[in-house]
Amino acid sequence: MSDWNYSEEELARYFSDASQRSNRPGDPSPTGTGAGSGSGYGRGDAPRRGGDWFDRRFHDPYKADGIRALAVVVVLGLVGFLGVVGYMLSLRDELPPLEAIENPEFRLATIAYTADGVELARYARQNRSWVTYAEISPHVINALIATEDHRFYDHWGIDLFRTLQIPFRLLIGDPQGGSTISQQLARNLYNEQIGSERTVSRKLKEWITAVQLERRYTKPEIIEMYLNTVEFGYNAWGIEAAARTFFAKEPIELDELESATLVGMLQRITYFNPVRNPENARRRRNTVLGQMVKRGFLAADFLEEHRADSVRTDYRSSDVTKSLAPYFAEHVRQWMNRWSEENGYDFYEDGLVVYTTIDSRTQALAEASVQKTMPCLQAVVDWEWSKAQASVWSTDPCDYLELDGYTPFAHYWRSQTTFVDQMIRETERFRSMRRAGTGADAAVSELRTDRAFMDSLQTVKSRLEAGFIAVDPNSGYVKAWVGGRDLATDWFDHVDKAARQPGSTFKPFVYTAAIDNGWSPNYQLLDGPLRYVDAAGNVWTPGNFGDMSNRMLTLREGLANSLNTITARLMLEVGPSEVAFVARRMGVKSKLDEVPALALGTSDVTLLEMATAYSTLANGGLLYEPTVVMRIEDGAGNVLYEANPAPREALSEYTAYTMVDMLRGVVREGTAVRINGQYRLGDYDLAAKTGTTQEAADGWFMMMHPDLVMGAWIGFNDRRVTIRSNWYGQGAHNALFVVGDFFRGLADEPDSPVARDRRFPDPPRLFEEEDPLVDPERFQDRTGERINW
């Protein structure tokens, strides 16, 4: 009885009352006999063994009723508890397993860096990089706790007080979330298992997982995991990506205002985005600062001092189009994709660290040269194609920027009707109309009158494009890569995807094949008319860009002045198959048509291939495959891949450096003299070659220094659109501008990677100056047996 907490006086009184009840008529007799025996409810009732439990236990009817109610509550509570437990057990297959809670998987972005340590790009389905608790600004942590879960350090995963407030808040029209930071982390980590729908089962799963997380991790560890997994928009996941994206900072460097801005975004990442909605972000930031003041993390005067401050950001998109080398970053992504498949990695989620070969300073100069030169050349072609008769208005292309009062390309669209109709027929809009049953001619006529359609077509077709690359010839490492004017506008990479006719920049392969097979640089050929008829009756009559001298000229003179007549005659002597063989040996992988016209660059090649081949000359005859990735590490710093350039001998040093010496003449007195004059680079040991294709569809310029090989291409994506004038159609007057401006800037850099005193070795004196030709048989096997390239 002591368990019921009744005093001795109450018990005595109870038994005294029971004795009096036993002597009343109708009360049961203690002996079970006499009137009324057997039941207190009537003579005919069956006896109840022991009587009524509550009446026997307690005399006070009010206390008996209370105990009955308590029992009902206890029983119902027990039933409800068992029901909840049973329901929770039924959910166990839908909960994340304990192993996953103890070792959660995080999807981390792979980060690529330049050779000098600048971030190049991030590759991820979710742009996220991990930082530790110690690497996060305390202001961020304080803002998070003050705003999202101010009793974070007092609960065990579920804030019961806050949870019980939810119905009351709903009734008074002030709804508030009841999820703790631990509950939110549970959703972030195990969204697939827990789900996001508003149901009781989801909330129960969230509670259970939050409690499990609290049991296995410390409070700082939970904060660290939360801030590394939450989304901030713009594909920025985690505080590290957010700090870099919105403020270009490390997360430890975030101040109070920046921290409050980012934490404020968590409620509605789009509505409170500081880039898109700065005023909304400012108001929300102040709300967060107010919570920090309320919870003792910030002084009240700080909020009042900064309440009116606008939100300042330094937005840096993680999109590859915003990279410092966007085309190169996209090329690295494709390279990494192939490497990952071959080696069993998912570089979008494995958090790898990739060190590329590109140099950020060299790349910046390359980008600047393209962006400086291309608007000027675009102005040239816009003006030249606007008039029926166009002449060279100025030899400085940037002077054309000052011209106005004309419609760009107006004459082209009026006069080139056949090409324009072809372009229209190649569009998806035309194909769609044809599928709908419109006749071909009718569709063309209708689209020609559609102003918006034609404006769009003309914008795309009349855009002059460019490509630029710089390679270290002594390793094959790519140092700069500009695939076009703007990746966001045109994803077509003009370094490794665009295969175009190289024009005269292909001529060095003809001369290399000749030198490698014993011809002397002083061997003479006629600079005069040539008519060649092949076995099939095809006639080939190559001529020079300018006049023919009708004199015997050396190979050195023919190459320096890019004379087609000399090159064509040499091609017929050496043979197209030998020239193609040498080009492939030097790094050209594109299909080459083994015909005499190959000498003048009629087979398509890429700029990357040309830079690789010219590097083979610059380094003395060794072929290095172009390299874009130096090293790959996992998140722990373990090296997974390391480049090991292994060159193959393609040419003898004699052949390579003889060709370099001949190409020096192009800069000294040939078609590239502008390099020494306009760009004042006479102190540098440079060798180069210009190139122009038929109708000025392509302009090329390749230049070599002992430390760097550079190449540029200028043209339109559609070959039916060309540079109109002969002057600006030459590679010496378009692509050369990009390379010249780039090298001038690189030469002026402190600690420039191109040394003024670095010189190519002079070739051995195998030929006497007075000997026009040495027997080719003597030198046929200088490079050993042929390799199947």
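Residues numbered from 1 in each chain as written. Predicted model: local features only at pLDDT ≥ 70, side-chain atom pairs only at ≥ 80, totals over all residues. Heavy atoms only, no water.

K.L.:
Explanation requested: the overall build of the protein in the structure shown.
P.N.:
Looking only at helices and strands, the protein has 30 helices and 16 strands in total. By the burial criterion, 51% of the 789 residues in the protein qualify as buried. Contacts spanning at least 24 positions in sequence make up 70% of the contacts within the protein whose residues lie at least 6 apart. Taken as a whole, the protein presents about 37,400 Å² of accessible surface, with 50% of it coming from carbon and sulfur. (Helix = DSSP H or I, 4+ residues; strand = E, 2+ residues; numbered from the N terminus. Buried < 20%, exposed > 50% of the residue type's maximum accessible area, 1.4 Å probe, protein only. Contact = heavy atoms within 4.5 Å. Areas by Shrake-Rupley, 256 points an atom, 1.4 Å probe, with all protein chains shown as cover.)

K.L.:
Teacher, can you tell me more about unusual backbone geometry here?
P.N.:
Most peptide bonds take the trans configuration, and most residues that are not glycine carry a negative phi. Its identity as a non-glycine residue notwithstanding, asparagine 235 has a phi of 60 degrees, on the positive side. Residue asparagine 235 is classed as partly exposed on the basis of its relative accessible area of 30%. In the Ramachandran plot, aspartate 751 falls in the positive-phi region, its phi being about 55 degrees despite a non-glycine side chain. Along the chain, aspartate 751 falls in the segment after α30 (735-747). Owing to a relative accessible area of 76%, aspartate 751 belongs among the exposed residues under this scheme.

K.L.:
Mind showing me how you'd approach the sheet that holds strand β1 (residues 110-113) here?
P.N.:
Paired through their backbone hydrogen bonds, the strands of a sheet run either parallel or antiparallel. Taken in spatial order, the five strands make up an open sheet running β2-β1-β3-β11-β12, and their pairing is mixed. Here the strands that pair on one side only, and so sit at the sheet edges, are β2 (119-123) and β12 (639-642). Across the sheet, the axes of successive neighbouring strands diverge by a mean angle of 15 degrees, strand direction being ignored. Bridging between β1 and strand β3 (residues 353-356) involves three bridges; their strand directions are parallel. The partner of isoleucine 111 across the bridge, within β3, is valine 353. Relative to β2, helix α15 (residues 326-343) is tilted by about 50 degrees, and along the sheet it contacts β2, β3, β11 (629-633) and β12. (Pairing = 2+ DSSP bridges. Axes fitted to C-alpha atoms, helices over the stretch in contact; angles between N-to-C directions.)

K.L.:
What's the story with the packing of helix α7 (residues 181-189) against helix α10 (residues 219-229) in this structure? I'm lost.
P.N.:
Relative orientation and spacing of two packed helices are given, respectively, by the angle between their axes and the distance between those axes. At a minimum axis separation of 10 Å, α7 and α10 run at an interaxial angle of 50 degrees. Considering their axes alone, α7 and α10 lie oblique with respect to each other. Regarding α7 and α10, the two cross each other, and that crossing is left-handed. From α7, Ile181, Ser182, Gln184, Leu185, Asn188 and Leu189 reach across to α10, where they touch Ile222, Ile223, Met225, Tyr226 and Thr229. (Parallel < 35°, antiparallel > 145°, perpendicular 65-115°, else oblique. Left-handed = near helix turned anticlockwise from the far one by under 90°.)

K.L.:
Would you mind showing me how to read the confidence of the model for the protein here?
P.N.:
Fine structural detail should not be taken from predicted coordinates in areas where pLDDT scores are low. Looking at the protein, pLDDT values average 84 and 79% of them are 70 or higher. Within the model, pLDDT remains below 50 along residues 18-51, and this stretch shows 22 contacts once partners closer than five positions in the same chain are excluded. Here residues 768-789 is modelled with pLDDT under 50, and outside its nearest four sequence neighbours on either side it reaches 40 contacts, counting other chains as well. (pLDDT = per-residue confidence, 0-100.)

K.L.:
Before we go on, may I ask you to explain the pattern of salt bridges in this structure?
P.N.:
Counted by the stated rule, this structure contains 40 salt bridges. Close ionic contact of arginine 282 with glutamate 279 constitutes a salt bridge, the shortest N to O distance being 2.7 Å. Within this pair, arginine 282 and its partner glutamate 279 are both found in helix α13 (residues 278-294), separated by three residues, close to a single helical turn. Aspartate 516 is paired through a salt bridge with arginine 585; the nearest N and O atoms lie 2.8 Å apart. With aspartate 516 in helix α22 (residues 507-516) and arginine 585 in helix α25 (residues 576-586), the pair connects residues that are 69 residues apart, well separated along the chain. In this structure aspartate 516 comes out as buried when scored by relative accessible area, which is 3%. Owing to a relative accessible area of 5%, arginine 585 belongs among the buried residues under this scheme. (Salt bridge = Lys/Arg side-chain N within 4 Å of Asp/Glu carboxyl O.)

K.L.:
Is there a simple way to explain the packing of aromatic side chains in this structure?
P.N.:
Geometrically, a pair of aromatic rings is defined through the distance of the ring centres and the angle of the planes. Enumeration over the complete set of coordinates arrives at 22 aromatic pairs. Judged by centre distance (5.7 Å) and plane angle (75 degrees), the ring pair of tryptophan 393 and tyrosine 400 falls under edge-to-face. Note on tyrosine 400: relative accessible area 0%, which makes it buried. Following the ring pairs from residue to residue traces out a cluster consisting of Trp385, Phe409, Tyr412, Trp413 and Phe716. Positioned over the ring face of phenylalanine 152 is lysine 219, at 4.4 Å from the centre of the ring. Here the basic side chain of arginine 268 rests over the ring of tyrosine 271, its NZ or CZ set 4.1 Å away from the ring centre. (Phe/Tyr/Trp six-rings, centres within 6.5 Å; stacked < 30°, edge-to-face > 60°. Lys NZ or Arg CZ within 6 Å of the ring centre and 35° of its normal.)

K.L.:
Quick question: what am I supposed to make of the packing of α22 against helix α27 (residues 653-668) here?
P.N.:
Orientation of α22 relative to α27, taken along the N-to-C sense of each, is 135 degrees, at an axis distance of 9 Å. In terms of their interaxial angle, α22 and α27 are classed as oblique. In this structure, α22 meets α27 at a crossing whose hand is right-handed. Residue-level inspection shows Pro508, Tyr511, Thr512, Ile515 and Asp516 of α22 in contact with α27, the latter providing Tyr654, Thr655, Thr658, Met659, Met662 and Leu663.

K.L.:
Just to check I follow, could you spell out the state of the cysteines for this structure?
P.N.:
Chemically, a disulfide is nothing more than a covalent bond linking the sulfur atoms of two cysteines. Following the criterion strictly, the structure yields one disulfide and no others. Covalently, cysteine 376 is tied to cysteine 398 through a disulfide, its sulfur atoms 2.1 Å apart. Disulfide cysteine 376-cysteine 398: torsion about the S-S bond near 85 degrees, hence right-handed. Highlighted residues: cysteine 376 in helix α16 (residues 360-384) and cysteine 398 in the loop between α16 and α17 (410-415), separated in sequence by 22 residues. Of the residues examined, cysteine 398 reaches a relative accessible area of 31% and is grouped as partly exposed. (Disulfide = S-S within 2.5 Å.)

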